[in-house]
Amino acid sequence: MKKNSRLSENMENYLETILALEKVNKVARAKDIAEKLGVQRGSVTGALKRLEEMGLINYEPYSYITLSPKGMRIARDISVRHTGLKDFLHKVLQVDEETADETACKMEHAIDPVSMDKLMCFIDYVHNCPRAGQDWLKSFNEYCSSKDLEMKKCDQCISNCQKAHQESRP
């Protein structure tokens, strides 16, 4: 694959699907790929030939399909982006799981590595920082529901955070 060439969203979806099928069945079959992606088998055959030409899969007609080492690296990266985005949408922003999954599938193809790294860092921060965490997420979701920021609650939250921080000091 040329350095400047980028896989299309469609080709990335094929790699991600093959990875998912390999996890379950050790190999993928064209009919399973077609079923999972909701496309005709003829479309799958064309895509598989292209991916094989790019050195991303091991493929021969009427045989099993597996990812090459290079294809595996790309597919895992796509899968990690998908999972990270889905988790952010569902667990942080509280988008329902099905919508989060569908939206993550669209976003995973467009997000650049720097933005993805920053987003993953933010998620880690939210889950691990004593000033954030589950209380912060609950408060954020209450705010989203009401669009009303009660300063009394903010003052209490700040006070609790300061108290916890002082108690945790040696």
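In short, a report on the structure. (Residues numbered from 1 in each chain as written. Predicted model: local features only at pLDDT ≥ 70, side-chain atom pairs only at ≥ 80, totals over all residues. Heavy atoms only, no water.)

Describing the side chain of Glu 22
Piece 1. Position of Glu 22 relative to the elements: it lies in helix H1 (residues 9-25).
Piece 2. One buried charged side chain, Glu 22, makes no salt bridge at all; its nearest oppositely charged neighbour is Arg 76, positioned 7.2 Å away.
Piece 3. A distance of 2.5 Å separates the side chain of Glu 22 from the backbone nitrogen of Leu 67, its partner in a polar contact. (Helix = DSSP H or I, 4+ residues; strand = E, 2+ residues; numbered from the N terminus. Buried < 20%, exposed > 50% of the residue type's maximum accessible area, 1.4 Å probe, protein only. Lys, Arg positive; Asp, Glu negative; His and termini not counted. Salt bridge = Lys/Arg side-chain N within 4 Å of Asp/Glu carboxyl O. Polar contact = N/O pair within 3.5 Å; in protein donor to acceptor, adjacent residues only side chain to side chain.)

Description of the nonpolar core
Piece 1. Counting residues in each nonpolar core, the largest one holds 23 residues, and the members touching the most others are Leu 15, Ile 18, Ile 33, Leu 48, Ile 57, Ile 65 and Leu 67.
Piece 2. Among the elements of the structure, H1, helix H2 (30-37), helix H3 (41-53) and helix H4 (69-92) are those that each provide at least two residues to this core.
Piece 3. For this core, the element with the highest residue contribution is H1, accounting for six residues.
Piece 4. Counting residues in hydrophobic clusters, the runner-up holds 11 residues, among them Leu 119, Ile 123, Val 126 and Leu 137. (Core = buried A, V, L, I, M, F, W, Y, C linked by side-chain atoms within 4.5 Å.)

Topic: unusual backbone geometry
Piece 1. Notably, Lys 26 is not glycine yet its phi reads approximately 75°, a positive angle.
Piece 2. With respect to the helices, strands and loops of the structure, Lys 26 is situated in the loop between H1 and H2.
Piece 3. Residue Gln 94 is not a glycine yet carries a positive backbone phi of 65°.
Piece 4. With respect to the helices and strands, the residue Gln 94 is situated in the loop between H4 and helix H5 (97-107).
Piece 5. For Gln 94, a relative accessible area of 45% puts it in the partly exposed group.

Describing the packing of aromatic side chains
Piece 1. Taken as a whole, this structure holds one aromatic pair when the rule is applied.
Piece 2. When the centroid spacing of 6.3 Å and the interplanar angle of 70° are considered together, the rings of Phe 88 and Phe 122 count as edge-to-face. Of this pair, Phe 88 sits in helix H4 while Phe 122 is found in helix H6 (residues 113-128), placing the two residues 34 residues apart along the sequence.
Piece 3. Residue classification places Phe 88 among the buried positions, given a relative accessible area of 16%.
Piece 4. Owing to a relative accessible area of 33%, Phe 122 belongs among the partly exposed residues under this scheme. (Phe/Tyr/Trp six-rings, centres within 6.5 Å; stacked < 30°, edge-to-face > 60°.)

Functional significance is not addressed by these values, which are geometric in nature.
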